[in-house]
Structures are given as C-alpha cells and as structure tokens.
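# Summary of structural features
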Amino acid sequence: MFDLDSGEVTIPAGVQKEYPVENKSPRAATLRLDPYGHFNTTRLLRMYFSELEEAGEDYLFPSRQGGHINTNSARNITERLAIEGDVCPKRTDGKPSEFEEAHPHAFRHSVANYMLADPDTRLIDVRNRLRHRSITTTERVYEHYQRR
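Remember, predicted model here, so these are calculated numbers, not experimental data.

### A few points about the sheet that holds strand β1 (residues 2-3)
Spatially, the three strands line up as an open sheet ordered β1-β2-β3, and their pairing is antiparallel. With one partner strand each, in any of the chains shown, β1 and β3 (29-32) form the two edges of the open sheet. For strand β2 (residues 8-11) and β3, the ladder comprises four bridges, and the chain directions are antiparallel. When the bridges of β3 are listed, Thr10 appears paired with Thr30.

Here's what the structure looks like:
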C-alpha cells in the first residue's frame, strides 16, 4: 500500500508470511520510500502509477502480453538492471555474486549478509527480517555467521 503523500509504503500484516514470534503474527511493515530525498522516489512512483492508470493496467508490474509478469520475467529484469546499475548482491557465503546471479531472491541473501556483518545483529533479527518460519532455516542458510 503506497501512501505517496507521506512518502511511505506499507505491507499489511495480512499479506505477510506468518512467523512464530511469541505466538504473534507480524505487524504491518512501513518503510520510507526515499528517506534521504536523493532519488525522488515518490515523484517517480507518481509518474509510474499515472502511466499505469492511463494504460488501464490492473497490475503493478504488467506484462507486455497482458496480465502480470511471471517469475522468469522478474528474474530477467533484475539481472538486466543489476548489469546496467553495476550492482551485485552478496551470496550466502558473503562474497559478491556475478551479474547473472542477480535475481530477486539473491537480494534477500544480500540483506542478511549486510545485517550479519554488524556484530550486534542476532540471527533471530535476520530470521524476523526475512520472515523465515523457523530459526533453523536461518541457521542452516547462514551457519557460517554463527558467533561464539
């Protein structure tokens, strides 16, 4: 849910994956679109949404063939944009990826790696950010970051 007047996007709790934290469902997550004002994200989104409305599109990411883009299209777009933007997410082992490894899920691993580079970040914090159902999933994927 985009609130362009306040410059925020909210992911309602009801559409998020459930995770067992003290037997509670996740709260709505609200993020600032452009907290530093450098990219004019709100202005760009207004333009994009206006174009979608003018075209009569029902989807946020429409396909050229109609409907919405599929998983392969999202992967191809992400790879192309990573090459154009010279962006390589980090692998689960913390090393930079190759451009052809830049897919949407790779950015999840990259977020976890950046979080775990901070010595104050706990594995439970990563589990909550990635919304893994079980801490064992997080431990298995990021076991190389286990701190003593």
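### A closer look at the packing of helix α3 (residues 104-116) against helix α4 (residues 123-130)
Two elements in contact, α3 and α4, have axes whose closest approach is 10 Å; the angle formed by their N-to-C orientations is 155 degrees. Between α3 and α4, the crossing angle belongs to the class labelled roughly antiparallel. α4 is crossed by α3, and the crossing has right-handed handedness. For the pair α3 and α4, contact is made by Arg108, Val111, Ala112, Met115 and Leu116 and by Leu123, Asp125, Val126, Arg129 and Leu130, respectively.

### Considering the pairing of β2
Across two bridges, β1 lies against β2 in antiparallel orientation. Across the sheet, the residue bridging to Asp3 is Glu8, located in β2. If you look at the hairpin formed by β1 and β2, you'll find four residues sitting between the two strands, and Gly7 has a positive phi there, around 70 degrees.

### A short note on unusual backbone geometry
Phi angles above zero are rare outside glycine, and Asp86 is one such case at about 55 degrees. Assignment of secondary structure puts Asp86 in the loop between α2 (71-85) and α3. For Asp86, a relative accessible area of 62% corresponds to the exposed category. One non-glycine residue with positive phi stands out, namely Arg131, at about 60 degrees. Summarising the element assignment, Arg131 is placed in the loop between α4 and α5 (135-141). Look at Arg131 and you get buried, because its relative accessible area is 17%.

### Regarding the packing of aromatic side chains
Counted according to the given criterion, the structure contains two aromatic pairs. Taken together, a centroid distance of 5.0 Å and an interplanar angle of 65 degrees make the contact between Phe2 and Phe49 edge-to-face. Here Phe49 lies in helix α1 (residues 41-55) and Phe2 lies in strand β1, a separation of 47 residues in the sequence. A relative accessible area of 38% places Phe2 in the partly exposed class. Consider the rings of Tyr48 and Phe49, whose centres lie 6.2 Å apart with planes at 50 degrees: the pair is tilted. Its relative accessible area of 29% is what places Tyr48 among the partly exposed residues. Through a chain of ring-to-ring contacts, three or more aromatic side chains come together here, namely Phe2, Tyr48 and Phe49.

The rules we used
Residues numbered from 1 in each chain as written. Predicted model: local features only at pLDDT ≥ 70, side-chain atom pairs only at ≥ 80, totals over all residues. Heavy atoms only, no water. Pairing = 2+ DSSP bridges. Helix = DSSP H or I, 4+ residues; strand = E, 2+ residues; numbered from the N terminus. Axes fitted to C-alpha atoms, helices over the stretch in contact; angles between N-to-C directions. Parallel < 35°, antiparallel > 145°, perpendicular 65-115°, else oblique. Left-handed = near helix turned anticlockwise from the far one by under 90°. Contact = heavy atoms within 4.5 Å. Buried < 20%, exposed > 50% of the residue type's maximum accessible area, 1.4 Å probe, protein only. Phe/Tyr/Trp six-rings, centres within 6.5 Å; stacked < 30°, edge-to-face > 60°.

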